[in-house]
Amino acid sequence: MIETIATSGLILNEPLLWEKGRKGRSGFSLPRRDVETSPMDPALTGEGPDFPDLSEVDVVRHYTRLSTWNFGVDTGMYPLGSCTMKYNPKTNERQASLPGFSRSHPLLPEKLSQGALELMFKLERYLAEITGMEAVSLQPAAGAHGELAGMLLIHAYHKGKGSQRSKIIIPDTAHGTNPASAALCGYRPVPVNSNENGILSAETIAAVMDEETAGIMVTNPNTLGLFEENIKEIAEVVHAKDGLIYCDGANMNAVMGIVDMMEIGIDVLHLNLHKTFSTPHGGGGPGSGPVCVNKTLEPFLPIPRIVSENGHYALSEDFPQSIGKLDTFHGHFGVMVKAYSYIMSMGAEGLKKASQLAVLNANYIKEKLKGVFHLPYDRPCMHECVFTDKNQAANKITTLEMAKRLMDYGFHPPTVYFPLVVQGAIMIEPTETESKEDIDRFIDALQHIAQEAKENPQILKEAPNRCKVKRLDETAAARKPCLAG
Ligand SMILES: *Cc1c(COP(=O)(O)O)cnc(C)c1O
């Protein structure tokens, strides 16, 4: 039997609170009444919600049990590709919950918000430094929101020149949100294919680039986990026809302090603070997708912008060419505090080291598992590596079944069937925060699963076998979800 961190023991069932409640139970004792009873206002005594009566222990056990059904980065390795599910140091949460930050209100007058404004101002400078870009807006509230901001900036640039362009080039290795953001901004996405090495070639771009095309959206590193090595030549081709280069920088975890985005020709890029910079994500919580630009695009950044004069910080709307406001206020401030705290505690060298380790870990997995699983692009990867289920096809075992089986061994499955350019993709992003022991256990589990695919395929067909919820009918689970557990 393979060594595994998973166990199916002591995972308890838990009914709904409504099923658990018993009339007359109470979670607390009220002090003895020392006033006369008086009847309630009849208008208030009508049919109210039928809340269950519960004791304190009922409630504590209910929520504690539910929490044991959850899996997150604080529970174990979460190798979901294109997501950077890394461990987020708790000190950054602590700084964000300091009352001076957590209780500040966006409508407070400027003179009472100097600390918050200073933090935002400095965070913008740090992000500019980390990416190599010249100016930053923290306003976008998510990655895709940053993409939309970037598209609006590109649109404003062309409009400023009196030129109306209708298309954006989008490679097959871009993140799925890219064509959506371009379309939302009124552009027609023009798809282009990556080459046999999984990256773009300048010739492919030259063949479609024209004066109707506003620019290109490149995810770099791309969704195959590969660095776009020809990006400089591609930028020259696009710039020659006055197009702009948008870089989806959500995969910054691979290249912090390593790639100078301006130097490689990028005009605008967004970051995902809720991936790379210490905000956990995946549960739909607040995010932040700052947009970073060069001097040419700076006048168009969203307002208000944070300005500083003689040590005083202020919000200014005095940017007549701005694309305007993207948020009710200024974005998700708590996420910014965490990013600031993370950058300060890591330092320049620490951030660079984090990226180097993220890349090392992905390449380690790639080298250990190639051969076991088919590796469509056999070359050095960045933060993630992509395999397929081709080697298991002879035993009629698919990516989905292997992903389900991983849960039996105590691992959250990686991203599957994405990117779409790779059939049956298994996309693994270990991140820098996993120890060698955990990565080795993960590799062992996958090797073991590949063995099972040959010797005992039935066990994979039925997986997961040891989890609380066994194999679901995927369609029914989506169409008729049973949320009661
Ligand atoms: C996660 C991700 C996005 C989208 O970010 P959201 O915050 O979910 O909108 C965009 N591009 C890439 C490459 C990503 O990994």
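Going along each chain's sequence as written, the residues are numbered from 1 onward. With the structure being a predicted model, the display of local features is reserved for residues of pLDDT at least 70 and the display and counting of side-chain atom pairs for 80 or more, all residues being used for whole-chain, interface and lining totals. Hydrogens are left out, water is left out, and the side-chain values use all remaining heavy atoms of the structure.

(A) Up close: the sheet that holds strand E6 (residues 268-270). At least two DSSP bridges between two strands are needed for those strands to be called paired. A helix here means a DSSP run of H or I that spans at least four residues, while a strand means a run of E at least two residues long, and both kinds are numbered starting from the N terminus. Spatially, the seven strands line up as an open sheet ordered E1-E7-E6-E5-E4-E2-E3, and their pairing is mixed. The open sheet has two edge strands with one neighbour each: strand E1 (135-137) and strand E3 (188-192). Neighbour-to-neighbour, the strand axes of this sheet turn through a mean angle of 25°, independent of strand direction. Bridging between strand E4 (residues 213-219) and strand E5 (residues 244-248) involves five bridges; their strand directions are parallel. Bridged to Gly-215 within E5 is Leu-244. Where helices are involved, their axes are fitted lines through C-alpha atoms of the stretch in contact, as for all axes, and angles between N-to-C directions lie from 0 to 180°.

(B) Here's a closer look at the pattern of salt bridges. Only one rule defines a salt bridge in this text: a Lys or Arg side-chain nitrogen within 4 Å of an Asp or Glu carboxyl oxygen. Following the criterion strictly, the structure yields 22 salt bridges and no others. The salt bridge partner of Arg-379 is Glu-229, with a shortest N-O separation of 2.9 Å. On the criterion of sequence distance, the pair formed by Arg-379 in the loop between helix H11 (333-369) and strand E10 (385-387) and Glu-229 in the loop between E4 and helix H9 (231-240) is long-range, its members being 150 residues apart. Partly exposed residues are those whose accessible area sits between 20% and 50% of the maximum for their type, while under 20% is buried and over 50% is exposed, using a 1.4 Å probe and protein chains only. A relative accessible area of 16% places Arg-379 in the buried class. For Arg-305, the salt bridge identified is with Glu-298, shortest N-O distance 3.1 Å.

(C) Focus on the pairing of E3. Of the strand pairs in this sheet, strand E2 (residues 167-171) and E3 are connected by five bridges, and their pairing is parallel. Opposite Lys-167, over in E3, you have Arg-188 as the bridge partner. The crossover handedness rule: strands pointing away from the viewer, path from first strand over the helix to second strand clockwise, crossover right-handed. Remark: the E2/helix H7 (residues 177-184)/E3 crossover connection has right-handed handedness.

(D) Just the sheet that holds strand E11 (residues 415-416), in detail. Taken in spatial order, the three strands make up an open sheet running E10-E12-E11, and their pairing is antiparallel. The outermost strands of the open sheet, each flanked by one partner alone, are E10 and E11. Examined bridge by bridge, E11 and strand E12 (residues 426-428) share two bridges and lie antiparallel to one another. Its bridge partner lying in E12, Thr-415 is registered against Met-427. Lying over the sheet, H11 contacts E10 and E12, oriented at roughly 25° with respect to E10. The contact rule is simple, with two residues in contact once any of their heavy atoms fall within 4.5 Å.

(E) Seen up close, the site of the ligand. Only a single heavy atom is needed: when it lies within 4 Å of a molecule or strand, its residue is near that molecule or strand. In the neighbourhood of the ligand, 14 residues make up the surrounding shell, with Gly-143, Ala-144, Asp-248, His-274 and Lys-275 lying closest. At 2.8 Å from an oxygen atom of the ligand is found a main-chain nitrogen or oxygen belonging to Ala-144. Throughout this description, a polar contact denotes any pair of N or O atoms lying within 3.5 Å of each other; where both atoms belong to protein, one of them has to be capable of donating a hydrogen while the other can accept it, and for residues adjacent in sequence the pair is counted only when both atoms sit in side chains. Side-chain polar atom of Asn-272 to an oxygen atom of the ligand: 3.1 Å apart, as the coordinates give it. About the coverage of the ligand: the protein hides 85% of its 380 Å² of free accessible area. Those elements that provide at least two residues to the shell around the ligand are helix H6 (143-160) and helix H10 (273-276). Among the elements that make up the shell around the ligand, the one with the highest residue count is H6 (three residues). Side-chain classes follow a simple rule in which Ala, Val, Leu, Ile, Met, Phe, Trp, Tyr, Cys and Pro form the nonpolar group, Asp, Glu, Lys and Arg form the charged group, and the remainder, Gly included, forms the polar group. Considered class by class, the residues forming the shell around the ligand number three nonpolar, eight polar and three charged. Exposure was quantified through the Shrake-Rupley algorithm and a 1.4 Å probe, taking into account, for residues, occlusion by the shown protein chains and nothing else.

(F) Inspection of the environment of Ala-142 at higher detail. By the secondary structure assignment, Ala-142 is in the loop between E1 and H6. When the C-alpha atoms of Ala-142 and Ala-484 are compared, they prove to be 30 Å apart, with 342 residues separating the residues in sequence. Contact partners of Ala-142, with chain neighbours within four places excluded, come to His-274, Gly-287, Ser-288 and Gly-289.

(G) Spatial organisation of the packing of helix H5 (residues 114-131) against H11. With their axes 10 Å apart at the nearest point, H5 and H11 run at an angle of 45° to one another. Between H5 and H11, the interaxial angle falls into the category oblique. When the axes of H5 and H11 are compared, the crossing they make is left-handed. Facing H5, whose interface residues are Ala-116, Leu-119, Met-120, Lys-122, Leu-123, Tyr-126, Leu-127 and Ile-130, H11 presents Phe-333, Met-336, Val-337, Ala-339, Tyr-340, Ile-343, Met-344 and Leu-351. In the contact of H5 with H11, the residues fall into 15 nonpolar, no polar and one charged. Angles are sorted into four bins: roughly parallel if under 35 degrees, roughly antiparallel if over 145, roughly perpendicular if 65 to 115, and oblique for all others. Two helices that cross are described as forming a left-handed crossing if the nearer one is turned anticlockwise from the farther one by less than a right angle, and a right-handed crossing if clockwise.

Function-wise, these values are silent; they only describe arrangement.
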